[in-house]
Amino acid sequence: MRARYRADGLPEEGLAPDPVTQFGRWFAESVGAGVYEPNAMVLSTVDERGVPSSRTVLMKEYDERGFVFFTHYGSRKGRDIAANPRVSLLFPWHPIARQVIVSGTARRTDRGESARYFRTRPHGSQLGAWASDQSAPVASREELDRRYAELAERYPEAEDVPAPPLWGGFRVEPEAVEFWQGRENRLHDRLRYVRGAGGRWTVERLCP
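Residues numbered from 1 in each chain as written. Predicted model: local features only at pLDDT ≥ 70, side-chain atom pairs only at ≥ 80, totals over all residues. Heavy atoms only, no water.

Caption draft 1: View of unusual backbone geometry. At Ala97, a residue that is not glycine, the phi angle is positive and equals roughly 55°. Looking at where Ala97 falls in the secondary structure, it is placed in the loop between strand 5 (86–93) and strand 6 (98–108). (Helix = DSSP H or I, 4+ residues; strand = E, 2+ residues; numbered from the N terminus.)

If you want it as structure tokens, here you go:
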């Protein structure tokens with residue numbers, strides 16, 4: 001199973017001076033191209049024993065400070081980050097033969113930021129955050145549905161739902177960001193921004 005990649009490449013000329021601006025350009029193009037859930041990213045973490053794990057999460061915002069997602073802090077990823085905050089993010093935009101790979105450090109957002117975002121979630125998603133003790137074993141699907149039903153009765157549609165104390169955001173502060181563009185003959189373009197002293201970004205080209 002092989003795909004033919006696009007001929008147009010990623011030259012150094014015309015790159016943005018920093019990876020966040022360049023990400024914004026590519027993100028807008030992925031949206032314009034109709035990529036399904038372009039804010040979906042694969043988050044990879046490592047636990048205290050060095051065992052890696054990956055899962056897909058949704059980026060909810062980004063700026064020069066980093067890339068933000070929200071989760072249950074007691075989940076496997078939350079526990080992994082508590083033990084080792086170094087993480088990797090991968091945006092797999094396969095329909096346009098592009099990937100963005102972010103290496104950096106994850107830190108919790110402040111409680112106010114987490115609560116503000118929680119209030120923007122649909123009511124059902126707010127209840128789901130309370131019903132699910134993420135990554136913990138549950139006896140059955142019926143048990144999970146029962147928890148949700150009890151919460152729905154306690155917090156009807158018009159009533160505010162408080163943010164769970166163990167739920168909130170992480171911001172991944174980038175230290176390196178690679179932009180991968182598929183090319184013909186598997187000679188892909190890979191340009192990586194690396195943060196140096198004083199926060200200055202340099203760009204290096206990698207062999208495919």
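Caption draft 2: Here's a closer look at the packing of aromatic side chains. Evaluation of the coordinates by the stated rule reveals 18 aromatic pairs. Plain terms: the ring middles of Phe67 and Phe91 are 6.1 Å apart, the flat faces sit at 50° to each other, and that makes the pair tilted. Here Phe67, found in strand 4 (residues 66–72), pairs with Phe91, found in strand 5; they are 24 residues apart in sequence, far enough to count as distant. On the basis of relative accessible area, Phe67 is assigned to the buried category, the value being 1%. When its relative accessible area of 0% is taken as the criterion, Phe91 is described as buried. The interplanar angle of 35° and the centroid separation of 5.6 Å between the aromatic rings of Phe69 and Phe170 together place this pair among those described as tilted. In this pair, Phe69 sits in strand 4 while Phe170 sits in strand 7 (residues 167–181), placing the two residues 101 residues apart along the sequence. Assessed through its relative accessible area of 3%, Phe170 is described here as buried. Among the aromatic residues, those joined into a cluster by ring pairs are Phe23, Phe27, Tyr62, Phe67, Phe91 and Trp93. Between Arg98 and the ring centre of Trp26, over which it is positioned, the NZ or CZ distance is 4.1 Å. The ring centre of Tyr73 lies 3.7 Å from the NZ or CZ of Arg108, which sits over that ring. (Phe/Tyr/Trp six-rings, centres within 6.5 Å; stacked < 30°, edge-to-face > 60°. Buried < 20%, exposed > 50% of the residue type's maximum accessible area, 1.4 Å probe, protein only. Lys NZ or Arg CZ within 6 Å of the ring centre and 35° of its normal.)

Caption draft 3: Main features of the layout of surface pockets. Here the largest pocket defines a volume of roughly 310 Å³. For the lining of the largest pocket, the secondary structure elements donating two or more residues are strand 2 (52–58), strand 4 and helix 4 (123–131). Residue composition of the lining of the largest pocket, by class: six nonpolar, six polar and three charged. (1 Å grid on protein atoms, 1.4 Å probe; cavity = no way out; pocket = protein on both sides within 12 Å on 5 of 7 lines; lining within 4 Å. Points joined across faces, edges and corners; volume = space filled by probe spheres on them. Nonpolar A, V, L, I, M, F, W, Y, C, P; charged D, E, K, R; others polar.)

Caption draft 4: Highlighting the packing of helix 4 against helix 5 (residues 141–154). Where helix 4 contacts helix 5, the axes come no closer than 9 Å and their chain directions differ by 125°. Taken together, the axis directions place helix 4 and helix 5 in an arrangement best described as oblique. Seen from above, helix 4 lies across helix 5 with right-handed handedness. Here Gly124, Leu127, Gly128, Trp130 and Ala131 of helix 4 lie close against helix 5, whose contacting residues are Leu144, Arg147, Tyr148, Leu151 and Ala152. Residues that form the contact of helix 4 with helix 5 fall into these classes: seven nonpolar, two polar and one charged. (Axes fitted to C-alpha atoms, helices over the stretch in contact; angles between N-to-C directions. Parallel < 35°, antiparallel > 145°, perpendicular 65-115°, else oblique. Left-handed = near helix turned anticlockwise from the far one by under 90°. Contact = heavy atoms within 4.5 Å.)

Caption draft 5: Geometry of the side chain of Asp63. Of note, Asp63 is situated in strand 3 (residues 61–63). A polar atom in the side chain of Asp63 sits 2.8 Å from the backbone nitrogen of Arg65. Those residues within four positions of Asp63 in sequence are excluded, and the remaining contacts are Val20 and Arg171. (Polar contact = N/O pair within 3.5 Å; in protein donor to acceptor, adjacent residues only side chain to side chain.)

Caption draft 6: A look at the pattern of salt bridges. For the structure shown, the criterion picks out 16 salt bridges. Between Arg141 and Asp145 there is a salt bridge, with the nearest N and O atoms lying 3.1 Å from each other. In this pair, Arg141 and Asp145 both sit in helix 5, four residues apart, roughly one turn of the helix. Linking Glu143 and Arg147 is a salt bridge whose minimum nitrogen-to-oxygen distance equals 3.2 Å. Of this pair, Glu143 and Arg147 are both found in helix 5, four residues apart, which corresponds to roughly one turn of the helix. Under the relative-accessibility criterion, Glu143 is labelled partly exposed at 23%. Several salt bridges share partner residues, and in doing so they unite Glu12, Arg183, Asp189 and Arg205 into one network. (Salt bridge = Lys/Arg side-chain N within 4 Å of Asp/Glu carboxyl O.)

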